[in-house]
Structure formats: C-alpha cells, structure tokens
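Residues per chain, in single letters:
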Amino acid sequence: MCEWCGCGDPDAPPKHAHGEGSSHSHAHGAESRTVRIGREILAENKTHAEQNRKYFRRERIFSVNLMSAPGSGKTTLLKSTIRSLPKDISVFVLTGDQETSLDAESIREAGGRVHQINTHSMCHLDAHLVAHGLEALSCKGPALLFIENIGNLVCPALFDLGEARRVALLSTPEGEDKPLKYPGLFRIADTVVLSKMDLAGVIGFDREACERSARSVNPQVEILALSARTGEGMEEWHRWLEKRLHE
C-alpha cells in the first residue's frame, strides 16, 4: 500500500519477531534506520503543514481533513454537501486516491471545484501534496475546503495536513468496534460522522455501542449521524460546517 511504511513493497525483506529462526545481526540496525527515516519524514511534513495552516488562516479558508476506510461514503457526502449548502459558500475539494480521477469527476458533476491527487503507492495524503493541490486548485477564501483523504484507517492519522478540523467518517456497515480496532485515527479526530444511517436498522447497527467505542478512545469527540442518500442528519452537518466557517 505505501512506500513510506513499506507495507506494499513486494521486494521489502520480510519482517519477523525475535524468536525461532530470527537473527540479531541485522534487525536492530534496520529498525533504528526505519525509525530515523520515519521521524525525518514526519518532521518535514510538519513544516509543510504549518505553511498550509498559515495560508488557510491568511485566506480565511476553513479546511476539513475527511478520513475513513474505503467505501464509507466520503464522496457521496461531499456531493450531497456541495449540492445543498447555500450558494454563497465557496466550496473547494482536494480528493486523494491512489489511482483514477473517478471521485474528482463525480464531484465536478455535482458542481464542486475539485482537484484530484493521485498518490500511486502511498496510502495517505501528506502536507506537501496538499500544498501542490492548493496551487492547482487556485483555492482562495473566504471558502470551505474539503481534503478527501485516501481510504485508510491507519496512515492518514499520522500526517498533519494543516487542516482546521479532522473528521473521521464511519459507515454503519463497518460495525461498532472500528474505533477500538483503529484507535489512532479516532483519537485525533475532532468529529466522528456516522454515515449510511439509512442502513442501520437493516444491519442491526448499535449506535450507542459505537458511540461508546469512539468516546472510550476520545472522550471529547463530537459525534454526528447522517445519511447522505436520504438526507437524514444533513441539516445538523450543515450547521456544524457553517458555525465553524464563521468562527
């Protein structure tokens, strides 16, 4: 999936625990080098994120980093939001995928001003990619900017993009336990949006259990519930956005 963490590199050496058949002749050096490189990448990313943040403040752009697993409904939510927000609100979208421009085309058809970022082997967006996307999009404020991150519940949580708010989308078919299984993403989220609520009754989704899971890793997190398909909960989502646009 990602060159940064090596999880998708077919030529990478297999990782193993120290036990039968393991060797100490190389492991510690490789581990220390990985940690060092990881810290350097995150430090560089932090510099770019701060530059993005300054730009957003100067231009009065309210930026939302939208993170979730694949198929949770990020693009559907964005299209519904673009169509239903007041027309005097300028909305821009940076959408990330490893390949294709399908999401960007879909958002453009809904009336959104969008730029596609293809990461190829990377399973997350970083602040430098976002900065280049902003140049291509000519994003000027006052405006609302959605950054649709790569569908992944792990790596995107590590990378500050300079955003004002982090929103974790969790669809009802994924189950109530995802915040417990992937605590890193839900721990850094400002808001959790429970999506596809129109399916909750059909699949037996336990909303209270899901909210308990989310708050067990992030006690202060705000939780919204909606269905972009039926419109349930969308007014509350709009109020959430408009309130922060005018803060």
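Since this is a predicted model, take the numbers as computed values, not measurements. (Residues numbered from 1 in each chain as written. Predicted model: local features only at pLDDT ≥ 70, side-chain atom pairs only at ≥ 80, totals over all residues. Heavy atoms only, no water.)

Caption draft 1: View of the pattern of salt bridges. Enumeration over the complete set of coordinates arrives at 10 salt bridges. With a closest N to O distance of 3.0 Å, Glu-50 and Arg-53 form a salt bridge. Residue Glu-50 and its partner Arg-53 are located together in helix H1 (residues 27-59), separated by 3 residues, close to a single helical turn. Taking relative accessible area as the criterion, Glu-50 reaches 31% and is therefore assigned partly exposed. With a shortest N-O distance of 2.9 Å, Asp-198 and Arg-229 are connected by a salt bridge. Here Arg-229 lies in the loop between strand S7 (222-225) and helix H9 (234-245) and Asp-198 lies in the loop between strand S6 (191-195) and helix H7 (200-203), a separation of 31 residues in the sequence. Asp-198 gets classed as partly exposed once you look at its relative accessible area, which sits at 23%. (Salt bridge = Lys/Arg side-chain N within 4 Å of Asp/Glu carboxyl O. Helix = DSSP H or I, 4+ residues; strand = E, 2+ residues; numbered from the N terminus. Buried < 20%, exposed > 50% of the residue type's maximum accessible area, 1.4 Å probe, protein only.)

Caption draft 2: Quick peek at the nonpolar core. Counting 25 residues, the largest nonpolar core has Val-64, Leu-144, Phe-146, Trp-237, Trp-240 and Leu-241 as the members making the most contacts within it. If one sorts the elements of this core by residue count, H9 sits on top with 4 residues. Not counting the four nearest positions on each side in its chain, Leu-241 is found in contact with Phe-62, Val-64, Thr-81, Leu-85, Leu-144 and Phe-146. In this structure, Ala-157, Cys-210, Val-217 and Ala-225 belong to the second largest nonpolar core, which totals 20 residues. (Core = buried A, V, L, I, M, F, W, Y, C linked by side-chain atoms within 4.5 Å. Contact = heavy atoms within 4.5 Å.)

Caption draft 3: Highlighting the packing of aromatic side chains. Applying the stated rule across the entire model yields 4 aromatic pairs. Consider the rings of Phe-62 and Trp-240, whose centres lie 6.2 Å apart with planes at 55°: the pair is tilted. Note that Phe-62 is positioned in strand S1 (residues 61-68) and Trp-240 in helix H9, a separation of 178 residues in sequence. Residue class for Phe-62 comes out buried when judged on its relative accessible area of 7%. Given the relative accessible area of 3%, Trp-240 is considered buried. Following the ring pairs from residue to residue traces out a cluster consisting of Phe-62, Phe-146, Trp-237 and Trp-240. Stacked on the ring of Phe-92, the Lys or Arg Arg-113 has its end atom at 4.4 Å from the ring centre. (Phe/Tyr/Trp six-rings, centres within 6.5 Å; stacked < 30°, edge-to-face > 60°. Lys NZ or Arg CZ within 6 Å of the ring centre and 35° of its normal.)

Caption draft 4: View of unusual backbone geometry. In this chain, Gly-141 is followed by Pro-142 through a cis amide linkage whose omega measures 0°. Secondary-structure assignment places Pro-142 in the loop between helix H4 (127-137) and strand S4 (143-148). Located in the positive-phi region is Ser-138, a residue other than glycine, with phi close to 50°. In this fold, Ser-138 is placed in the loop between H4 and S4.

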